[in-house]
Amino acid sequence: QVQLVESGGGLVQPGGSLRLSCEASGSRFSSNAVGWYRQAPGKQREFVAIFPSGGNTNYADSVKGRFTISRDNAKNTVYLQMNSLTPEDTAVYYCRHFTTRGSYWGQGTQVTVSS
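Reference entry: report on the structure contained in this document. Bear in mind that the values here come from a model prediction, so they are computed numbers and not experimental data.

## What about the pairing of strand β10 (residues 102-105)?
Moving on, step 1. Pairing of strand β9 (residues 91-99) with β10 involves four bridges; the strand directions are antiparallel. When the sheet's bridge partners are listed, Phe 98 is paired in β10 with Ser 103.
Moving on, step 2. In this antiparallel pair of consecutive strands, β9 and β10, the connection spans two residues.

This is the structure:
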């Protein structure tokens, strides 16, 4: 069974940084794509960044140049480094892992950007 556990969320001031982590069990990130999505209050869940199994990483326009997705294959963990955060980045952030058996979601971690 594939399980994803996110961590690293919290409260941060505008302009600050956070690093989110997503650790997987039951599947290897190195073999399949993994991405980050977010859902703000009253809005639909949206794509943030993806680390494909092959090829280049990709980002939503709203986070390009500020967020970086990376992967540690030894730890089977994917990270989302978020810099220059704004209140518009406030959301629950979810990790999503794409496998041949389907896609899996983590439980989410709350990020709140506020002064």
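## Points about the packing of aromatic side chains
Moving on, step 1. One pass over the full model with this rule turns up three aromatic pairs.
Moving on, step 2. Where Tyr 94 meets Trp 105, the ring centres are 6.2 Å apart and the plane angle is 90°; that geometry is what we call edge-to-face. With Tyr 94 in strand β9 and Trp 105 in strand β10, this residue pair connects regions lying 11 residues apart in the sequence.
Moving on, step 3. We classify Trp 105 as partly exposed; its relative accessible area is 35%.
Moving on, step 4. Through a chain of ring-to-ring contacts, the aromatic side chains of Tyr 37, Phe 47, Tyr 94 and Trp 105 assemble into a single cluster.
Moving on, step 5. Across the ring face of Tyr 94, the terminal group of Arg 45 is positioned such that the distance to the ring centre comes to 3.7 Å.
Moving on, step 6. Here the basic side chain of Arg 96 rests over the ring of Tyr 37, its NZ or CZ set 5.5 Å away from the ring centre.

## With respect to the state of the cysteines
Moving on, step 1. Across all of its chains, the model carries one disulfide by this definition.
Moving on, step 2. The disulfide partner of Cys 22 is Cys 95, and the S-S distance across this bridge is 2.2 Å. Looking along the S-S bond of the Cys 22-Cys 95 disulfide, the torsion reads about -80°, which is the left-handed sense. Separated by 73 residues along the polypeptide, Cys 22 in strand β3 (residues 18-25) and Cys 95 in strand β9 bring together distant segments of the chain. Accessibility assignment for this pair places Cys 22 and Cys 95 in one class, buried.

## Section: the pairing of strand β5 (residues 46-51)
Moving on, step 1. Relative to β5, strand β4 (residues 34-39) runs antiparallel, the two sharing five bridges. Looking across to β5, one finds that Arg 38 is bridged to Glu 46.
Moving on, step 2. By the bridge criterion, two bridges tie β5 to strand β6 (residues 58-59) in an arrangement that is antiparallel. In the strand pairing of β6, Ala 49 is matched with Tyr 59.
Moving on, step 3. Hairpin connection of β5 to β6: six residues between the antiparallel strands, including Gly 55 at a positive phi of 95°.

## A short note on unusual backbone geometry
Moving on, step 1. Despite not being glycine, Asn 76 has its phi angle at roughly 50°, a positive value.
Moving on, step 2. Not every positive phi belongs to a glycine, and Ser 84 is a case in point at roughly 50°.
Moving on, step 3. By secondary structure assignment, the location of Ser 84 is in the loop between β8 (77-82) and β9.

## Quick word on the nonpolar core
Moving on, step 1. Ranked by internal contacts, the top residues of the largest apolar core, which has 27 residues, are Trp 36, Leu 80, Met 82 and Tyr 93.
Moving on, step 2. Of all the secondary-structure elements, those providing two or more residues to this core are β3, β4, β5, β7 (67-72), β8, β9 and β11 (109-113).
Moving on, step 3. Per-element accounting of this core gives the leading share, four residues, to β3.
Moving on, step 4. Once residues lying within four places of it in the same chain are set aside, the contact partners of Met 82 are Gly 16, Ser 17, Leu 18, Leu 20, Arg 66, Phe 67, Tyr 93 and Val 111.

Analysis parameters
One numbering rule holds for all chains: residues counted from 1, following each sequence as written. Predicted model: local features are reported for residues with pLDDT of at least 70 only, side-chain atom pairs are reported and counted for 80 or more only, and whole-chain, interface and lining totals are derived from all residues. Excluding hydrogens and water, the side-chain figures rest on all heavy atoms present in the structure. Any two strands between which DSSP finds at least two bridges are classified as paired. In this text, helices come from DSSP runs of H or I with a minimum length of four residues, and strands from runs of E with a minimum of two, each type numbered from the N-terminal end. When two rings of Phe, Tyr or Trp (its six-membered ring) have centres within 6.5 Å they constitute a pair, described as stacked for plane angles under 30 degrees, edge-to-face for angles over 60, and tilted for the intermediate range. Categorising residues by exposure relies on relative accessible area from a 1.4 Å probe, with only protein chains included: less than 20% of the type maximum marks a residue as buried, more than 50% marks it as exposed, and the intermediate range marks it as partly exposed. Remark: a charge is flagged as sitting over a ring if the NZ atom of Lys or the CZ atom of Arg is within 6 Å of the ring centre and within 35 degrees of the ring normal. Put simply, a disulfide is two cysteine sulfurs that come within 2.5 Å. Put simply, a nonpolar core is a bunch of buried Ala, Val, Leu, Ile, Met, Phe, Trp, Tyr and Cys residues held in one set by side-chain atoms that sit within 4.5 Å of each other. Contacts between residues were defined by any pair of non-hydrogen atoms, one from each residue, lying within 4.5 Å.

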